[in-house]
Amino acid sequence: MKYLTIDTTTKVSAIALAEDGKVVAEGFLHTSKTHSERIMPMLDQLFAAAAWTLSELELIGVVRGPGSFTGIRIGIATAQGLAQVLNLPLTGILSLDALAWAGWGRNEDIVPILDARKNEWYTARYRWTAESTFAECLMTPQALSISECLEQLKELEQRICFVGDAAGKAKQEIEAALGDRAIVLPDYLSLPRGAYAAQEVWRRWQEIGAGEKVEPYYIRFSEAEVNWAKKERARKGENHE
Amino acid sequence: MTGSQEKQITILGIETSCDETSAAVLVNGVNLRSHIISSQIMTHQKYGGVVPEIASREHSLHIRPVVEQSLAEANVGFKDLSAIAVTYGPGLVGSLLVGVSGAKAMAYAAGIPLLGINHLEGHIYANFLEHQDLEFPLLALLVSGGHTHLIVFKDHGRYEVLGYTRDDAAGEALDKVARALGLGYPGGPQIQKTAQEGNEQAFKFPRAMLEPGSLDFSFSGMKSAVLNALNSAHMRGETLNVPDLAASFQQAVVDVLVHKALLALQQTGVKTLLLAGGVAANRLLRETLEYELARQNVRLVYPSPVFCTDNGAMIAAAGYYHFLAGDAAPWTLNAVPGLNLKSQ
Ligand SMILES: [Zn+2]
């Protein structure tokens, strides 16, 4: 079964063409251009290079967050637009689940960290075991302040392997907090890749065996919603007094 | 070749530049087969204006069903389309990107041209949806929340910008005054409604006409005059009559727009004025222009209210003429939030 995956949730545009879980062609761009400028030409070139036609596709997988809000929407709009015309099922996966594949088979717990701005990370925790065909999720995705995340990890006994676009930048901070319990993979292994999304999409597709409605997964509310809720709480609080 | 039917040109238009997700199917430039608008006004109302991040989130959820519904109502499939036209600017960048990304993917997958449409051009082309007999040259007065332009069209795609606002757009000034008066969002329609019970002579607000002969606009001084009046009344512990303020301000804005439009008609000798943009739905503006232009033997054309606010039909209409001209956007097409109208 031939499928395409799209990941635009970080500053990397990552695309893969894959068949039954095996990557056939992969696109990776980490340049100063925007996803909007990069993604369709890249897709076009990959199809040509792999000598695939659109009509051979049977599934489209897309990374639906967490990550850059705009990036999430570009990826989903692109995947949906293709799926709508080609009449194909969609599979939506999480960026952090995909990144767990960057630490395939390792003994350490895998902690993907994505830059969430405002001194926060989108993070989760996974573990590969000898018999597992995919990483078990030990902590579901959340947005945590960097200090809080490191505090939580300090409590654990396991060694931790960090992946994701925030890993390289935070290497010193992580090592200061966790010492030799931390392993920080270099960018070339730990940035989002089409290959990782291709594995996770294949896993999920086999698990649910059908297409699904894909919506963005932001984790966070927008700032306007947060502020409005704050104001509402304050207003209601005043009324109670 | 036998004398088969002439080929139909079917354009899907997609608009997501601000707070409406809209799609329309237009055949041969005039036959509107479907027109779906999913408005977010209710979502943004509690924030007192459009919140860009929330607008983008809403577009992301609505674009697929809106496009699906527009195709279903038009009873066409992607294979029947000649091209897909999409707004790529101006507007909110996050919102534009949802439409641009979706349209690109659809056009690519369908193997048809992608047409990148300037939203402002779209507003003007809304006039062609209902009027097939428009003859160039045409003068357009574009009045919206973000723009106030006077443009002369020599032909499709050939136009010259004669004047534009140097500060606030007319719609923006109306919005800000509406907010100051506590009338809520969207401001234009609220001002119009409130003004009905007011006296437009009650307050004498300035009409900024700029240098003699200039076709540019300036609304920020007029807006400040209202805010100052409110402030000084507040200092004195008085309250002003809100309907009177709304009516007087609306009259001042309309007076300036009409004056400049008449001046442009006089300078160019053009005999048809197209009204476009959200503020084109303002009744006082339409009625005043109707009256003034009739006296000068100039034809006034404006879109039905549904085509004045942001909509996919106007994007499809502009797309139709771009398609005829052989335009096609590259797959690298990006959103351009600050896109303007440049003479061409
Ligand atoms: Zn508009």
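Residues numbered from 1 in each chain as written. Chains lettered and ligands numbered in written order. Predicted model: local features only at pLDDT ≥ 70, side-chain atom pairs only at ≥ 80, totals over all residues. Heavy atoms only, no water.

With an unreviewed UniProt entry as reference, chain B is termed tRNA N6-adenosine threonylcarbamoyltransferase, source organism Desulfosporosinus acididurans. Chain B has a UniProt comment under Catalytic activity (unreviewed entry) that states "L-threonylcarbamoyladenylate + adenosine(37) in tRNA = N(6)-L-threonylcarbamoyladenosine(37) in tRNA + AMP + H(+)". (UniProt positions renumbered as here; feature names shortened; annotations may be inferred.)

For chain A, an unreviewed UniProt entry supplies the name tRNA threonylcarbamoyladenosine biosynthesis protein TsaB and the organism Desulfosporosinus acididurans.

## So, the sheet that holds strand E8 (residues 158-164) of chain B
Residues and elements named next belong to chain B. In spatial order, the strands read E8-E7-E6-E9-E10; together these five strands make up an open sheet with mixed pairing. Sheet topology places E8 and strand E10 (299-301) at the edges, where each strand pairs with a single neighbour. When the angles between neighbouring strand axes are averaged without regard to direction, this sheet yields 25°. As defined by bridge partners, strand E7 (residues 148-155) adjoins E8 across six bridges and the pair is classed as antiparallel. Its bridge partner being in E8, histidine 149 is matched across the sheet by tyrosine 164. Running over the sheet, helix H4 (residues 119-130) touches strand E6 (138-143), E7, E8, strand E9 (272-276) and E10 and is turned about 125° from E9. (Pairing = 2+ DSSP bridges. Helix = DSSP H or I, 4+ residues; strand = E, 2+ residues; numbered from the N terminus. Axes fitted to C-alpha atoms, helices over the stretch in contact; angles between N-to-C directions. Contact = heavy atoms within 4.5 Å.)

## Observations regarding the side chain of serine 56 of chain B
Mapped onto the fold, serine 56 of chain B is located in helix H2 (residues 52-74). In contact with serine 56 of chain B, not counting residues within four places along its chain, are Arg73 of chain A together with Gly94, Ser95 and Val98 of chain B.

## A few points about the UniProt feature "domain: Gcp-like" (unreviewed entry) in chain A
Mapped onto the present numbering, the UniProt feature "domain: Gcp-like" (unreviewed entry) falls on residues 31-197 of chain A. Here residues 31-197 of chain A is 40% helix and 25% strand, with 20 Å between the C-alpha atoms at its ends.

## Some words on the UniProt feature "domain: Gcp-like" (unreviewed entry) in chain B
Per the UniProt record, the feature "domain: Gcp-like" (unreviewed entry) sits at residues 32-316 of chain B. Annotation note: span residues 32-316 of chain B, helix share 50%, strand share 17%, distance between end C-alpha atoms 9 Å.

## Quick word on the domain arrangement of chain B
Interfaces are often described in size by the accessible area the parts lose on coming together. All names here are of chain B. When its domains are assigned, chain B resolves into domain 1 (10-125 + 308-324) and domain 2 (135-302). Taking only C-alpha atoms, the centre of domain 1 and the centre of domain 2 are 27 Å apart. Taken residue by residue, the interface counts 15 residues in domain 1 and 19 residues in domain 2. Counting each side, the surface lost to burial between domain 1 and domain 2 is near 1400 Å², with a carbon and sulfur contribution of 70%. It is Leu120, Ile124 and Cys308 that lose the most area in domain 1 upon contact with domain 2, and together they represent 41% of the buried surface on that side. Remark: the boundary between domain 1 and domain 2 carries three residue pairs in polar contact (both at pLDDT 80 or more). At the level of elements, helix H1 (41-45) and H4 are the ones that each hand at least two residues to the side of domain 1 that touches domain 2. For the side of domain 1 that touches domain 2, the leading source of residues is H4, giving five residues. Residue composition of the side of domain 1 that touches domain 2, by class: eight nonpolar, five polar and two charged. (Domains from an automatic or database assignment. Buried area = accessible area lost by both parts, 1.4 Å probe. Polar contact = N/O pair within 3.5 Å; in protein donor to acceptor, adjacent residues only side chain to side chain. Nonpolar A, V, L, I, M, F, W, Y, C, P; charged D, E, K, R; others polar.)

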